[in-house]
Amino acid sequence: MKKMWVLMLVTVLLLSACSSGGGGNTASEGEQASNEITIWAWDPSFNIAALNTAKEAYAKDHPDVKINVVEYAQNDIIQKLNTGLNSGTSNGLPNIVLIEDYRAQSFLNAYPDAFKDLSSNFTASDFADYKLGPTAYDGKQYGVPFDSGVTGLYYRTDLLEQAGYKAEDLQDITWDDYIQIGKDVKAKTGKDLITLDPNDLGLIRMMIQSAGSWYSKEDGKTPDLAGNAALKEAFVTYKAMMDANVVKLNSDWSQFVAAFNNGDVSTIPTGNWITPSVRQEASQSGQWAVAPLPKMAGQPNSVHASNLGGSSWYVMNNVPGADQAADFLGSTFGSDKQLYQDLLNGIGAIGTYKPAAEGEAFSKEDEFFGGQKVFADFAKWTEEIPSVNYGINTYAIEDILVVEMQNFLNGKAIDDVLADAQKQAEAQLN
Amino acid sequence: MNTGDSLQKKNNLTGWAFISLAVIGIVAFYFYPMLQALLLSFKSGVGANLEFTGLDNYKRLFIDTTFRTAVSNTFLYLIIQVPVMIILGLFISVLLNDSTLRFRSFFRTAIFLPCVTSLVAYSVVFKYLFSADGMVNQFLMNLHVIAEPIQWITDPFWAKITIIIAVTWRWTGYNMIFYLSSLQNIDQSIYEAARIDGANAFTQFFKITVPLLKPIILFTSITSTIGTLQIFDEIMNITKGGPGNATMSISQYIYNLSFKYSPDFGYAATVSYSIVLMIIVLSIIQFKVAGDKNG
């Protein structure tokens, strides 16, 4: 009798251990009527704030739909998505997720059925052209384009004035002119021109996109490093900047922000999403202005507009409530002109929805930027951003380039640098 | 005879019942994932589109320069880190074992305290201490040791030094505790006898303390080796592997392959298994070098 007891105990234990591995997915999951949408995003002062604005707008017509906005760091979202999607279960995943444009193709490529085709939920051609490359895959529109990463050259008018530069002097300049300005400013004021993180090649990305070029060829997979004229010039310019001794190094975001909030650097060439961080230092109000991004002297098709970062909204296919989520995106970020005015007024978030650019919020003068109509300028530049295919390997290639950039700065010849990077990328990526 | 047999069987069965829970747990949560990871390491592809590619991933290891950098960085940490931690830990523990020392427990607690801090929290603190305008630079500049700030985190050489300092701070106390506890098991009369024979403190340390602590030194060197081969948090939080992969470790490379780049879990599993292999080989070497013949 006792033996039986023990056997039974063991059997029960075994069974209970096995059942968790077996039929975990319940059939009823997909049919469950859902009036609840869960959304993951990062950055409380920007994306989350934008979501809350959209949530209010949507609640007017859909009072019964409950929207949960969950904040995670971007890295956590990527990690959770990857592990969730790979394990083949949609348990615990949200309905809507924010994905950075540089990573979008990699997700769409890695998990082809995981995201919902939103082609019928909004008109893709209403959005800035350069946003459609990353958000579409295989001819279908998966992402609702969100913020613009349109770049500009933020600069301290007071510091540049001491070196003899006026706003007009910054209108149509090349990166070489920019470095010259940096030398003059450093000589007059002792301030550095720019702050850079050696692990982050954002500056290189901005430069090459302004010339319509990227790390990989049009197919998004073949590395395009060795013969890439724009990339070569960008590397040379980067080194020239370092050699001119006008760069203050930083190693993370908070040091980056501190560098300009403390007044240690005179310019920031970066995406418009930096505006809230610049404003943080209220004592510098009126001392900032934004000029068009410098262009590359040797690249005939380089323009004064580029992009850095930016992200878009995606709907998860297999999480209950996908249709509701697609409807939410379609009727808010996908088509609501007024919403974009509110986003601009409330948060300073510049969308990429073309019809919204005529609204009054775009023509406001900004005291912090000396009365400049910065939003109107950014909206104008957004339209000029060359469209490139970020492909699926942006960050993998960049990690190779970061190493080669160090070699280049230490004296390795530029052609060897790019040739070696090409070889490595071809060996490592497939 | 018969009754003895059945009693034996009964005992056996009860024994199995007692350990069954643990066995099931270990099989389900250790061996099964290990096996799955091994299978995964023979597959390749982006995200969920995995296909069986045989030994391709293992071949790729040998031409992968980033992997080579990560391995050589990790071994650099290992070669410097493990001896430094062990020698420092031994030295401190012998000092703190002196029964005439005042505030002994205070010092012990102070040196052990870093081990209970969160890896991420202390990494972040170190990052700020060692930043270009951080406290370490200001302190050194005030003392006129250096004329301009050292780029602790953005220079390839100093970044490695920063990681080594951070890890030493965090883990030395951990080893020290092991030595302290086994030092207390050494019979004081051995030292007394040595002193009567005229052995000075040095001779006592090398001829008595070190040989008697040998099993513990072996244990700590193996655990430190395993820990160092898996080093991740410090690097992720202090330097992110930079500048330009100068501080990248194998574990961080695995993280990058899985989550930073287009996910290639197959290759990431291959790299993980390379760590397993290294740990096995290194442990065997350490056993051979330091282990006693009689175990």
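The structure presented is a predicted model; accordingly, all values stated were derived computationally and were not measured.

1. What to know about the sheet that holds strand β3 (residues 96–100) of chain A
Residues and elements named next belong to chain A.
So, point 1. Spatially, β2-β1-β3-β12-β6 is the arrangement adopted by the five strands of the open sheet, whose pairing is mixed. The open sheet has two edge strands, β2 (66–71) and β6 (143–145), and neither has a second partner. Here the strands of the sheet are splayed against their neighbours by 25° on average, with no regard to which way each runs.
So, point 2. The pairing of strand β1 (residues 36–41) with β3 spans two bridges and is parallel. From the neighbouring strand, Trp40 faces β3, where its bridge partner is Val97.
So, point 3. Strand contacts of helix α2 (residues 44–61): β1, β2, β3 and β12 (311–315), with the helix running at about 180° to β2, the strand carrying the most contacts.
So, point 4. Contacts from helix α4 (residues 101–110) reach β3 and β12, with the element oriented near 115° to β3.

2. Brief notes about the packing of aromatic side chains
Residues and elements named next belong to chain A.
So, point 1. Applying the stated criterion across every chain yields a total of 43 aromatic pairs over all chains.
So, point 2. An angle of 90° between the planes, with centres 5.0 Å apart, marks the rings of Tyr58 and Phe328 as edge-to-face. Taken together, the residues span a long stretch of sequence, with Tyr58 in helix α2 and Phe328 in helix α12 (residues 322–331) at a distance of 270 residues. Grouping residues by exposure puts Tyr58 and Phe328 together as buried.

3. Details of the interface of chain B and chain A
So, point 1. Taken together, the contacts link 39 residues of chain B with 39 residues of chain A.
So, point 2. For the pairing of chain B and chain A, the buried interface totals around 3300 Å² over both sides, and the portion due to carbon and sulfur atoms is 55%.
So, point 3. At the surface where chain B touches chain A, the tally comes to three salt bridges.
So, point 4. Salt-bridge contacts for Lys248 of chain A lead to Asp133 of chain B; the nearest nitrogen and oxygen are separated by 3.6 Å.
So, point 5. At the level of secondary structure, the elements contributing two or more residues to the side of chain B that touches chain A comprise α1 (2–40), α2 (56–63), α3 (65–96), α5 (119–129) and α11 (250–260) of chain B.
So, point 6. Counting residues per element, the side of chain B that touches chain A draws most heavily on α11 of chain B, which supplies six residues.
So, point 7. Residues of the side of chain B that touches chain A, tallied by class, amount to 17 nonpolar, 16 polar and six charged.

4. A word on the pairing of β1 of chain A
All names here are of chain A.
So, point 1. Here six bridges tie β1 to β2, and the two strands are oriented parallel to one another. Paired with Thr38 across the strands is Asn68, a residue of β2.
So, point 2. Taken together, β1, α2 and β2 constitute a β-α-β crossover, and its handedness is right-handed.

5. Quick word on the environment of Gly182 of chain A
So, point 1. Along the chain, the position of Gly182 of chain A falls in helix α7 (residues 175–189).
So, point 2. The sequence separation of Gly182 of chain A and Thr267 of chain A amounts to 85 residues, and the corresponding C-alpha distance is 8.8 Å.

6. What about the nonpolar core?
As a rule of thumb, nonpolar side chains are buried together in soluble globular proteins.
So, point 1. Counting 114 residues, the largest nonpolar core has Tyr215 and Met241 of chain A as its most contacted members.
So, point 2. In this structure, Ile96, Phe122, Phe127 and Val144 of chain A belong to the second largest nonpolar core, which totals 61 residues.

7. Focus: the pattern of salt bridges
Oppositely charged side chains can form a pair if their charged atoms are brought close together.
Residue and element names in this part refer to chain A.
So, point 1. By the definition in use, this model includes 19 salt bridges over all chains.
So, point 2. In this structure, Lys354 engages Asp129 in a salt bridge whose closest nitrogen and oxygen atoms are separated by 3.5 Å. Taken together, the residues span a long stretch of sequence, with Lys354 in the loop between α13 (337–346) and α14 (374–384) and Asp129 in helix α5 (residues 129–135) at a distance of 225 residues.
So, point 3. By relative accessible area, which is 35% here, Lys354 ends up partly exposed.
So, point 4. When salt bridges with common partners are traced through the structure, they connect Asp200, Arg205 and Glu398 into a single cluster.

8. Observations regarding the UniProt feature "domain: ABC transmembrane type-1" (unreviewed entry) in chain B
So, point 1. Those places that UniProt annotates as "domain: ABC transmembrane type-1" (unreviewed entry) correspond, in this numbering, to residues 71–286 of chain B.
So, point 2. Segment residues 71–286 of chain B splits into 74% helix and 0% strand. End C-alpha atoms: 19 Å apart.

9. So, the UniProt feature "transmembrane region" (unreviewed entry) in chain B
Residues and elements named next belong to chain B.
So, point 1. The UniProt entry lists residues 12–32, 75–97, 109–130, 212–232 and 265–285 under the feature "transmembrane region" (unreviewed entry), expressed in the numbering used here.
So, point 2. Within the segment residues 12–32, helix and strand shares are 100% and 0% respectively, and the terminal C-alpha atoms sit 26 Å apart.
So, point 3. As annotated, residues 75–97 comprises 96% helix and 0% strand, and the C-alpha atoms at either end are separated by 32 Å.

10. Remarks on the side chain of Asn250 of chain A
So, point 1. With respect to the helices and strands, Asn250 of chain A occurs in the loop between β9 (247–249) and α10 (253–261).
So, point 2. Among the polar contacts listed, one links the side chain of Asn250 of chain A to the backbone nitrogen of Asp252 of chain A, at a separation of 3.5 Å.
So, point 3. Beyond its immediate stretch of four places on either side in the chain, Asn250 of chain A contacts Thr195, Leu196, Asp197, Pro198, Gln255 and Phe256 of chain A together with Thr154 of chain B.

11. Considering α11 of chain B
So, point 1. The buried fraction of α11 of chain B amounts to 10 of the 11 residues, a majority that puts the element mostly inside the structure.
So, point 2. Within the span of α11 of chain B, buried status applies to Ile250, Ser251, Gln252, Tyr253, Ile254, Tyr255, Asn256, Leu257, Ser258 and Phe259 of chain B.

12. What to know about a nonpolar patch on the surface
Residues and elements named next belong to chain B.
So, point 1. Together, Trp16, Phe18, Ile19, Val23, Ile26, Val27, Phe29, Tyr30, Phe31 and Met34 make up a nonpolar patch on the protein surface, roughly 1100 Å² of accessible area in all.
So, point 2. Turning to its location among the elements, Phe29 is positioned in helix α1.
So, point 3. In this structure Phe29 comes out as exposed when scored by relative accessible area, which is 67%.

13. Thoughts on unusual backbone geometry
So, point 1. Here Asp138 of chain A, not a glycine, exhibits a phi torsion of approximately 60°, which is positive.
So, point 2. If you trace the backbone, Asp138 of chain A turns up in the loop between β4 (136–137) and β5 (140–141).
So, point 3. Within the chain, Phe103 of chain B stands out as a residue other than glycine whose phi angle is a positive 55°.
So, point 4. In this fold, Phe103 of chain B is placed in the loop between α3 and α4 (104–112).
So, point 5. With a relative accessible area of 58%, Phe103 of chain B lands in the exposed category.

Calculation criteria
- Residues numbered from 1 in each chain as written.
- Chains lettered and ligands numbered in written order.
- Predicted model: local features only at pLDDT ≥ 70, side-chain atom pairs only at ≥ 80, totals over all residues.
- Heavy atoms only, no water.
- Pairing = 2+ DSSP bridges.
- Helix = DSSP H or I, 4+ residues; strand = E, 2+ residues; numbered from the N terminus.
- Axes fitted to C-alpha atoms, helices over the stretch in contact; angles between N-to-C directions.
- Contact = heavy atoms within 4.5 Å.
- Phe/Tyr/Trp six-rings, centres within 6.5 Å; stacked < 30°, edge-to-face > 60°.
- Buried < 20%, exposed > 50% of the residue type's maximum accessible area, 1.4 Å probe, protein only.
- Buried area = accessible area lost by both parts, 1.4 Å probe.
- Salt bridge = Lys/Arg side-chain N within 4 Å of Asp/Glu carboxyl O.
- Nonpolar A, V, L, I, M, F, W, Y, C, P; charged D, E, K, R; others polar.
- Right-handed = clockwise from strand over helix to strand, strands pointing away.
- Core = buried A, V, L, I, M, F, W, Y, C linked by side-chain atoms within 4.5 Å.
- UniProt positions renumbered as here; feature names shortened; annotations may be inferred.
- Polar contact = N/O pair within 3.5 Å; in protein donor to acceptor, adjacent residues only side chain to side chain.
- Patch = residues over 30% accessible without salt bridge, like charges linked within 9 Å, V, L, I, M, F, W, Y side chains within 5 Å.
- Areas by Shrake-Rupley, 256 points an atom, 1.4 Å probe, with all protein chains shown as cover.

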